[in-house]
Amino acid sequence: MLFRSGLRIEERYRQALDFWPDYQIAKLRLEQGKSRLTFAENQRLPVLDLQFSGTNNGLSYERGELNSIVRSGRYPEWYVGLNIEVPIFGNQKANSQMQAQSIRNRQSEMDLDAVRNILANEIRTRWMQVEAAQQEVDQLSKDIELRSQLFASEQVRYDAGIGLLSQLLQRQADLNESRQRLVESNVRLGQAKAALMYSD
């Protein structure tokens, strides 16, 4: 659907979606849930640690001499080790956390879809209100054209002495009433457009 300003309903939906707080919150919750799921999956993996240590040692009966021996590095000691941890029955806590987070993520995705649908319905409703108001304005504009022609014809008949003053006044009253309805309809159209633009 194309609105008279050239804006399509799909574009308006995307614009509103970018700024709608409920959508941004739901999207953030889903992103946080995905990070937690990645963390929970990581907790299920075996742990492998590399340990490395280096020191200088020395042996002496004198305290002052011991400091110089240690600082000289003549008796270095090195330690390198690998530590691996694999739970025998699997990491039940990490498995449970991962399953729970996976369910929460599915719920967050459903919440995000629900928020999208709510906004889409809101925009579609407002869009239809704008279209209905625009059609009313168009119809009333055509009505005014016809009533103007009728009034002009009645004016010619009255000026020629064929028409009655009451008919001329009735045509003028009808024309004025149509103009008043057009003004009211334009106000409703403006309100509908503003409601559409601020529907986010």
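Owing to the predicted nature of the structure, the values given are computational and were not obtained by experimental measurement. (Residues numbered from 1 in each chain as written. Predicted model: local features only at pLDDT ≥ 70, side-chain atom pairs only at ≥ 80, totals over all residues. Heavy atoms only, no water.)

Note on placement: N42 falls in helix α2 (residues 21–43). The spacing of N42 and A94 is 52 residues in sequence and 8.5 Å in space, taken between C-alpha atoms. (Helix = DSSP H or I, 4+ residues; strand = E, 2+ residues; numbered from the N terminus.)

On the surface, a nonpolar cluster with roughly 990 Å² of combined accessible area is contributed by L48, L50, F52, W78, V80, L82, I84 and V86. Listed by contribution, the elements that provide at least two residues to the nonpolar patch are β1 (47–56) and β2 (76–85). Here the nonpolar patch takes four residues from β2, the largest share from any one element. Topologically, V86 is positioned in the loop between β2 and α4 (92–159). (Patch = residues over 30% accessible without salt bridge, like charges linked within 9 Å, V, L, I, M, F, W, Y side chains within 5 Å. Areas by Shrake-Rupley, 256 points an atom, 1.4 Å probe, with all protein chains shown as cover. Salt bridge = Lys/Arg side-chain N within 4 Å of Asp/Glu carboxyl O.)

This part takes up the confidence of the model for the protein chain. On average, residues of the protein chain carry a pLDDT of 83, and 88% of them reach 70 or more. Averaged pLDDT values for the elements of the protein chain fall to 68 in helix α3 (residues 63–72) and rise to 89 in α4. (pLDDT = per-residue confidence, 0-100.)

Further remarks concern the packing of α2 against α4. In the contact formed by α2 and α4, the axes pass within 9 Å of each other and the chain directions differ by 160°. One way to sum up the angle between α2 and α4 is to call them roughly antiparallel. Here α2 and α4 pass one another in a crossing that is left-handed. Here the residues of the contact of α2 with α4 sort into nine nonpolar, seven polar and eight charged. (Axes fitted to C-alpha atoms, helices over the stretch in contact; angles between N-to-C directions. Parallel < 35°, antiparallel > 145°, perpendicular 65-115°, else oblique. Left-handed = near helix turned anticlockwise from the far one by under 90°. Nonpolar A, V, L, I, M, F, W, Y, C, P; charged D, E, K, R; others polar.)

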